[in-house]
Amino acid sequence: MTEETSESVPAATSGSDVPPDHLSVNPRSPFFDAEKLQRGVGIRFKDRVRTDIEEYSISEGWVRVQAGKAVDRKGQPLTIKLTGPVEAWFEDLGENPPVARKG
């Protein structure tokens, strides 16, 4: 029984259970990672859960969101950078997942 407890604790605190510091949904971005996005990443920005985030950086404290329906000349959505506290977690880990935040 103690063996199960010692095995389950490191899994919850390992780096694979926390989303990366910088992630983007745009496949052209160097910060795009399809495997991590498939797991589902939850984002809390300024104490509000957001579902419209295009890109985020926890350490720099910003997110990019689409600016309406405007697109650039290549058909990519125009985005605006908003600054503030950012927290991220994987949604596939259940009720109380480990949260990545600036620390």
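Structure shown above.
The structure contained in this document is the topic of the report that follows. The shown structure was predicted, so the numbers you read here are calculated from the model rather than taken from an experiment.

Analysis parameters
Residues numbered from 1 in each chain as written. Predicted model: local features only at pLDDT ≥ 70, side-chain atom pairs only at ≥ 80, totals over all residues. Heavy atoms only, no water. Helix = DSSP H or I, 4+ residues; strand = E, 2+ residues; numbered from the N terminus. Buried < 20%, exposed > 50% of the residue type's maximum accessible area, 1.4 Å probe, protein only. Areas by Shrake-Rupley, 256 points an atom, 1.4 Å probe, with all protein chains shown as cover. Pairing = 2+ DSSP bridges. Core = buried A, V, L, I, M, F, W, Y, C linked by side-chain atoms within 4.5 Å.

Focus: the overall build of the protein chain
Here's step 1: Helix and strand counts for the protein chain stand at 2 helices and 8 strands.
Here's step 2: The secondary structure elements of the protein chain, listed N-terminal to C-terminal, are α-β-α-β-β-β-β-β-β-β.
Here's step 3: Residues counted as buried form 27% of the 103 residues belonging to the protein chain.
Here's step 4: Accessible area of the protein chain: about 7100 Å², with a carbon and sulfur share of 50%.

Points about the sheet that holds strand β3 (residues 48-50)
Here's step 1: One open sheet holds the 4 strands; their spatial order is β3-β2-β7-β8, and the pairing between them is antiparallel. Here the strands that pair on one side only, and so sit at the sheet edges, are β3 and β8 (100-101).
Here's step 2: The pairing of strand β7 (residues 86-90) with β8 spans 2 bridges and is classified as antiparallel. Looking across to β8, one finds that glutamate 87 is bridged to arginine 101.

Quick look at the nonpolar core
Here's step 1: In this structure, Val41, Ile43, Tyr56 and Val86 are the most contacted members of the largest nonpolar core, which totals 13 residues.
Here's step 2: Breaking this core down by element, the ones donating at least two residues are β2 (41-45), β4 (53-57), β5 (62-71) and β7.

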